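Spelled out, the chains give:
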Amino acid sequence: MEALRCDGLCKQYGKIEALSDVSLQIEPGRIVGLLGPNGSGKTTLIKLANGLLTPTSGAISICGVAPGKDSHRLVSYLPERTAIPTWMSAGQLLDFYGDFYEDFRRSAAEEMLSHLGIPLTQRIKQMSKGTREKAQLIMVMSRAAKLYLLDEPIGGVDPATRDYILSTIIGNYNPEAAVVISTHLIADVEKVLDDVVFLDRGRVVLRSSVDEIREEKGMSVDALFREVFKC
Amino acid sequence: MLRKLMKHEFRATARVMGPLYLVLIITALGTNLSVRGMADSGNLFLNLLGAMVAVAFTVAILGVCLMSFALMIQRFHHNLLRDEGYLMFTLPVSVHQQVWSKIIVSAVWFFLTGAAVMLSLMMISLDVGVIQGFFRGLRAFFQAITAYYALNGTAILLELLVLFFVGCAALCLQFYAAMAVGNSFANHKTALSVVFFFVFQFATQFISSLLLSGLDTPGMAQFLANLDFQLRGMAAIHAGIALMTLLTAIDGAVFYVITVYFLKNRLNLE
């Protein structure tokens, strides 16, 4: 069964069409880049998959389940902004994730926090912006989920942190799960992707595996992206 | 899952309310000392210190009451409608559980705040005898009305507790509904939340007035006069509390439906 499936998915904000007739399937075990310029509908699609938005028309499901309470057990979501409560300490954050997610691997999270030198007593508000994002990523990747939805995980961070984030994703995701990485920083993520979906103004304009792009078009995903979205 | 939500909600709020209760108790003790000795000591410094402690106690009472109220609003807004909403609304829990956890925890803090203020007021009394006298008087009062009206004190207390909880829930939901609707818009979320709060208040008052004026019609008066029931003594009190609880619950239910609908279908996190 597909980890994520969309059928004729549309989302309108008033008269503005954020997503238009999006149909796609993402299989387990694949790392998929959801690529497109700003405003192309990447975040809207991820929010719809998380039940944070309601589709105007069409359907979306996660492992056959409509977005909601039951699908949240299957999805590990990294929002584009820091959403973890800043009053909590790192230890309390581990308690929080452990309480709500049965698939949360506390020992893995503790090891990653320790590797970063973050004591469990340190409060989130005492951490720098970059460290907060890393702490949030650690929580998300410490779950053995069926689908990881990562919205702009490397946006707004320095190159060294980007490498850390990508290695954390690759080193910790459940191999039987699908990973969707939304970004417009193609060159950085290209090396970890199996498939790509190009979104432009709410429509899917390309769906391909990275190997096909390299073999058939003879160019990198980054080069193809620049060609497709040339201003 | 509701229990877990409440656990973390208590964690988030206790770190604010706990220290405030501590300040309240300390200033109550200080005021007790002030009343006992400092105010009449004839020493200017002690007189001033005593007066300042008494003022601090008054401020602490105000602070703890205002904070329990502000926290009820702040937790809903920050935890569900701002950045933390991305985390909270992707937990494997229902929107109903999210809303109930906020209502129950706020009601508990309202209750504890009332209890803490009463305790602190008892603490400033001169000696234990005054407190003993208060409770003796309360017991005598209950004994007297029990003898006269056959009052079931436990039942009344439970009914009043239910009314208190339903009242707290309805109060919270009036604010939650306004915030849920206001935050469904793309811009001016806070301003619109305030506007919707007053719109809801106006609508509630308007509908209540219409219903009350409906009771004051000849037809309704005739209907009520023809009703063949009689309530005496405690039965009337029980019926009165039940009616108040029911009306408050209906008021709260309307705002609950609005809150849940907007959180489920019109959530608009920034």
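Please read these numbers as outputs of a predicted model, since none were measured by experiment.

Rules of the game
- Residues numbered from 1 in each chain as written.
- Chains lettered and ligands numbered in written order.
- Predicted model: local features only at pLDDT ≥ 70, side-chain atom pairs only at ≥ 80, totals over all residues.
- Helix = DSSP H or I, 4+ residues; strand = E, 2+ residues; numbered from the N terminus.
- Rg over C-alpha atoms; globule rule 2.2 N^0.38 Å.
- Buried ≥ 20, exposed ≤ 12 C-beta atoms within 10 Å, placed from the backbone.
- Contact = placed C-beta atoms within 7 Å.
- Nonpolar A, V, L, I, M, F, W, Y, C, P; charged D, E, K, R; others polar.
- Pairing = 2+ DSSP bridges.
- Axes fitted to C-alpha atoms, helices over the stretch in contact; angles between N-to-C directions.
- pLDDT = per-residue confidence, 0-100.
- Parallel < 35°, antiparallel > 145°, perpendicular 65-115°, else oblique.
- Left-handed = near helix turned anticlockwise from the far one by under 90°.
- Domains from an automatic or database assignment.
- Core = buried A, V, L, I, M, F, W, Y, C linked by C-beta atoms within 7 Å.

1. Some details on the overall build of chain A
Item 1. Along its length, chain A carries nine helices and nine strands.
Item 2. With the C-alpha coordinates aligned to their principal axes, the bounding extent of chain A is approximately 50 × 35 × 35 Å.

2. Observations concerning the overall build of chain B
Item 1. Within chain B, the secondary structure is distributed over nine helices and zero strands.
Item 2. The secondary structure elements of chain B, listed N-terminal to C-terminal, are α-α-α-α-α-α-α-α-α.
Item 3. For 270 residues, the compact-globule estimate of 2.2 N^0.38 gives 18 Å, and the C-alpha radius of gyration of chain B, at 23 Å, exceeds that figure by more than 25%.
Item 4. Buried positions account for 27% of the 270 residues belonging to chain B.
Item 5. Long-range contacts, defined here as pairs at least 24 residues apart, represent 78% of the contacts in chain B between residues at least 6 apart.

3. Some remarks on the interface of chain A and chain B
Item 1. The interface is formed by 18 residues belonging to chain A together with 18 residues belonging to chain B.
Item 2. Secondary structure elements with two or more residues in the side of chain A that touches chain B: helix 2 (69-72) and helix 3 (90-100) of chain A.
Item 3. For the side of chain A that touches chain B, the element with the highest residue contribution is helix 3 of chain A, accounting for four residues.
Item 4. In terms of residue class, the side of chain A that touches chain B is made up of nine nonpolar, five polar and four charged.

4. Let's talk about the sheet that holds strand 1 (residues 4-13) of chain A
All names here are of chain A.
Item 1. Ordered by their spatial adjacency, three strands build an open sheet running 2-1-4, and the pairing between neighbours is antiparallel. With one partner strand each, in any of the chains shown, strand 2 (16-26) and strand 4 (57-62) form the two edges of the open sheet. Averaged over all pairs of adjacent strands, the angle between strand axes in this sheet comes to 25 degrees, irrespective of strand direction.
Item 2. With seven bridges connecting them, strand 1 and strand 2 associate as antiparallel partners.

5. Details of the pairing of strand 6 (residues 147-151) of chain A
All names here are of chain A.
Item 1. Burial within strand 6 is extensive, with five of its five residues counted as buried.
Item 2. Taking every second residue as pointing to the same face, both faces of strand 6 are buried, with Leu147, Leu149 and Asp151 on one and Tyr148 and Leu150 on the other.
Item 3. Here strand 5 (residues 75-78) pairs with strand 6 via four bridges, running parallel. In the strand pairing of strand 6, Tyr77 is matched with Leu149.

6. Regarding the pairing of strand 7 (residues 178-183) of chain A
In regular strands, side chains alternate between the two faces of the sheet.
Residues and elements named next belong to chain A.
Item 1. The element strand 7 is largely enclosed, with a buried count of six among its six residues.
Item 2. Here strand 7 shows no split at all, with Ala178, Val180 and Ser182 on one side and Val179, Ile181 and Thr183 on the other all buried.
Item 3. In this sheet, strand 7 lies alongside strand 3 (residues 31-35) in parallel orientation, the contact comprising five bridges. Counted as the bridge partner of Leu34 is Ser182 from strand 7.
Item 4. In the sheet, strand 6 pairs with strand 7 via five bridges, with the strands oriented parallel. For Leu147, the partnering residue across the bridge sits in strand 7 and is Ala178.

7. Observations concerning unusual backbone geometry
Residue and element names in this part refer to chain A.
Item 1. Although it is not a glycine, Asp21 adopts a positive phi angle of roughly 50 degrees.
Item 2. Mapped onto the secondary structure, Asp21 falls in strand 2.
Item 3. On the basis of neighbour counts, which here come to 15 C-beta atoms within 10 Å, the residue Asp21 falls in the partly exposed class.
Item 4. Here the phi dihedral of Arg201 falls at roughly 45 degrees; this positive angle occurs in a residue that is not glycine.
Item 5. By the secondary structure assignment, Arg201 is in the loop between strand 8 (195-200) and strand 9 (203-209).

8. A closer look at the environment of Tyr173 of chain A
Residue and element names in this part refer to chain A.
Item 1. Mapped onto the elements, Tyr173 comes out in the loop between helix 6 (159-172) and strand 7.
Item 2. On a C-alpha basis, the gap between Tyr173 and Arg203 in space is 28 Å, while along the polypeptide they are 30 residues apart.
Item 3. Leaving out residues up to four positions away in the same chain, Tyr173 has contacts with Met141, Tyr148 and Val179.

9. Concerning the confidence of the model for chain B
Item 1. When pLDDT is averaged along chain B, the result is 87; 94% of the residues meet or exceed 70.
Item 2. Here the prediction assigns the complex a pTM of 0.86, and the interface score ipTM is 0.90.

10. What about the packing of helix 3 of chain A against helix 4 (residues 106-115) of chain A?
Angle between the axes and distance between the axes are the two parameters that describe a pair of packed helices.
Residue and element names in this part refer to chain A.
Item 1. For the pair helix 3 and helix 4, the least separation of the axes is 11 Å and the interaxial angle reads 155 degrees. Comparing the axis directions of helix 3 and helix 4 gives the class roughly antiparallel. Relative to helix 4, helix 3 is oriented so that their crossing is right-handed. Contacts between helix 3 and helix 4 involve Ala90, Leu94 and Gly98 from the former and Arg106, Ala109, Glu110 and Leu113 from the latter.
Item 2. Counted by class, the contact of helix 3 with helix 4 contains four nonpolar, one polar and two charged residues.

11. Digging into the domain arrangement of chain B
All names here are of chain B.
Item 1. What the domain assignment reports for chain B is domain 1 (7-126) and domain 2 (155-270).
Item 2. Summarising the inter-unit geometry, the C-alpha centres of domain 1 and domain 2 are found 26 Å apart.
Item 3. Contact residues are listed per partner, giving 17 residues for domain 1 and 15 residues for domain 2.
Item 4. Within the residue set of the side of domain 1 that touches domain 2, elements represented by two or more residues are helix 2 (44-81), helix 3 (85-88) and helix 4 (95-123).
Item 5. It is helix 4 that provides the largest number of residues to the side of domain 1 that touches domain 2, a total of nine residues.

12. A word on the nonpolar core
Item 1. Grouped together as the largest cluster of nonpolar side chains are 104 residues, with contacts concentrated most on Val32, Leu147, Val179 and Val180 of chain A together with Tyr176 of chain B.
Item 2. Per-element accounting of this core gives the leading share, 14 residues, to helix 6 (residues 153-182) of chain B.
Item 3. Taken domain by domain, this core gets at least three of its residues from each of domain 1 (7-126) and domain 2 (155-270) of chain B.
Item 4. Those residues in contact with Val32 of chain A that sit more than four places away from it in its chain are Ile26, Ala178, Val179, Val180, Leu193, Asp194, Asp195, Val196 and Val197 of chain A.
Item 5. Judged by nonpolar contacts, the second largest core, of seven residues, contains Leu24, Ala60, Val64 and Ala116 of chain B.

13. Quick word on the packing of helix 5 (residues 129-141) of chain A against helix 6 of chain A
Residue and element names in this part refer to chain A.
Item 1. Packing of helix 5 against helix 6 leaves a shortest axis separation of 10 Å and a crossing angle of 10 degrees. The orientation of helix 5 with respect to helix 6, classified from their angle, is roughly parallel. Residues Gly130, Lys134, Leu137, Ile138 and Met141 of helix 5 touch helix 6, and the partners they reach there are Thr161, Tyr164, Ile165, Thr168, Ile169 and Asn172.
Item 2. Broken down by class, the residue content of the contact of helix 5 with helix 6 amounts to six nonpolar, four polar and one charged.

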